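# A look at the structure
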Amino acid sequence: MPDQVGLELIATELGVVVPGSVRETAFFRGQASVWVEPAHVRAVLGALRERHGYRMLMSVHGVDYYPEEPRLGVHYELLDMARVDRIAVKLRVPVDQPQVESVTPDWPTANHQEREIYDMFGVVFDGHPDLRRILMPEDYEGHPQRRDFPLGGEPVLFTHNDPSSPGWTR
């Protein structure tokens, strides 16, 4: 992991290579994080790959910071295999305009992870090759991982022992 000084050097360089991209940095419990402007995430991830050796996108996660605004977050975790070094790139978008550029064209492993974030949190990834629900039915209303989603969701119907249900047999 880059230490605090190394993280600041990386952030400074990213600010030069991709002007206006870095909002802040954080070093917490041994984890280095760079908070970026959503419009620059693809360029920042590319710069970290080309200039710093973070060649593997290990995960992409959605986060809901309710009640704070901008509320929805997307976290990318990169890995440098040669140094066994990780860095997180994080961003936040508002609920009324939850759009981020897809990184799938550069990082194919993000494909299903972006679809899951879209499905569960409602973040739209512009330029994604196949952005549709992956876990919930296509006609499902809402995003179940948002913190204001109603607890309980939909009732579960157990019909295996109901004689009035279609296909019931003794």
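Notes on the structure follow. Bear in mind that the values here come from a model prediction, so they are computed numbers and not experimental data. (Residues numbered from 1 in each chain as written. Predicted model: local features only at pLDDT ≥ 70, side-chain atom pairs only at ≥ 80, totals over all residues. Heavy atoms only, no water.)

## Some details on the overall build of the protein chain
Helix and strand content of the protein chain: three helices and seven strands. The order of α-helices and β-strands along the protein chain, N terminus first, is α-β-β-α-β-β-β-β-α-β. Across the 170 residues that make up the protein chain, the buried fraction comes to 42%. Residue pairs at least 24 apart in sequence account for 50% of intrachain contacts in the protein chain once pairs closer than 6 positions are excluded. Of the roughly 9800 Å² of accessible surface on the protein chain, 53% is carried by carbon and sulfur atoms. (Helix = DSSP H or I, 4+ residues; strand = E, 2+ residues; numbered from the N terminus. Buried < 20%, exposed > 50% of the residue type's maximum accessible area, 1.4 Å probe, protein only. Contact = heavy atoms within 4.5 Å. Areas by Shrake-Rupley, 256 points an atom, 1.4 Å probe, with all protein chains shown as cover.)

## Focus on the pattern of salt bridges
Tallied over the entire structure, the rule returns 14 salt bridges. Taking the shortest distance from any N to any O, the salt bridge between glutamate 50 and arginine 49 comes out at 3.4 Å. A relative accessible area of 56% means that glutamate 50 is categorised as exposed. Measuring nitrogen to oxygen at the nearest pair gives 3.0 Å for the salt bridge that ties glutamate 68 to arginine 92. Taken together, the positions of glutamate 68 in the loop between strand S3 (56-64) and strand S4 (72-80) and arginine 92 in strand S5 (residues 85-93) put the pair 24 residues apart, joining distant regions of the chain. (Salt bridge = Lys/Arg side-chain N within 4 Å of Asp/Glu carboxyl O.)

## Considering the packing of helix H1 (residues 4-17) against helix H2 (residues 41-52)
How two helices pack is summed up by the angle between their axes together with the distance between the axes. For the pair H1 and H2, interaxial distance at closest approach is 11 Å and the crossing angle is 115 degrees. The element H1 and its partner H2 pack so that their crossing is right-handed. Of the residues in H2, those touching H1 at Ile10, Glu13, Leu14 and Val17 are Val44, Ala47, Leu48, Arg51 and His52. In terms of residue class, the contact of H1 with H2 is built from six nonpolar, one polar and two charged. (Axes fitted to C-alpha atoms, helices over the stretch in contact; angles between N-to-C directions. Left-handed = near helix turned anticlockwise from the far one by under 90°. Nonpolar A, V, L, I, M, F, W, Y, C, P; charged D, E, K, R; others polar.)

## Digging into the sheet that holds strand S2 (residues 31-36)
With mixed pairing, the five strands of this open sheet are ordered in space as S1-S2-S5-S4-S3. On the outer flanks of this sheet lie strand S1 (22-28) and S3, each paired with one strand and no other. The sheet shows a mean angle of 20 degrees between the axes of neighbouring strands, taken without regard to direction. Pairing analysis gives eight bridges linking S3 to S4, with the strands arranged antiparallel. (Pairing = 2+ DSSP bridges.)

## Some points on the packing of aromatic side chains
What the rule picks out here adds up to two aromatic pairs. The interplanar angle of 55 degrees and the centroid separation of 6.3 Å between the aromatic rings of tryptophan 35 and tyrosine 65 together place this pair among those described as tilted. Here tyrosine 65 lies in the loop between S3 and S4 and tryptophan 35 lies in strand S2, a separation of 30 residues in the sequence. Stacked on the ring of tyrosine 54, the Lys or Arg arginine 83 has its end atom at 5.4 Å from the ring centre. (Phe/Tyr/Trp six-rings, centres within 6.5 Å; stacked < 30°, edge-to-face > 60°. Lys NZ or Arg CZ within 6 Å of the ring centre and 35° of its normal.)

## Considering the side chain of threonine 104
Along the chain, threonine 104 turns up in the loop between strand S6 (99-101) and helix H3 (110-121). By relative accessible area, threonine 104 is classed as buried at 8%. With near-sequence residues (within four places) excluded, threonine 104 lies in contact with Ala110, Asn111, Glu114, His128 and Pro129.

## Here's the deal with H1
Taking 1.5 Å of rise per residue, the 14 residues of H1 would be expected to cover 20 Å, and the 20 Å separating its terminal C-alpha atoms lies within 8% of that figure. Buried residues of H1: Gly6, Leu7, Ile10, Ala11 and Leu14, and no others. Down the axis of H1, the smallest arc covering the buried residues is 135 degrees, so these residues share one side. The exposed residues of H1 that point more than 90 degrees off its buried face are Val5, Leu9, Thr12 and Val16. Taken together, the buried residues of H1 touch S1, S2, H2 and S5. (Expected span 1.5 Å × (residues − 1). Arc of directions from axis to C-beta.)

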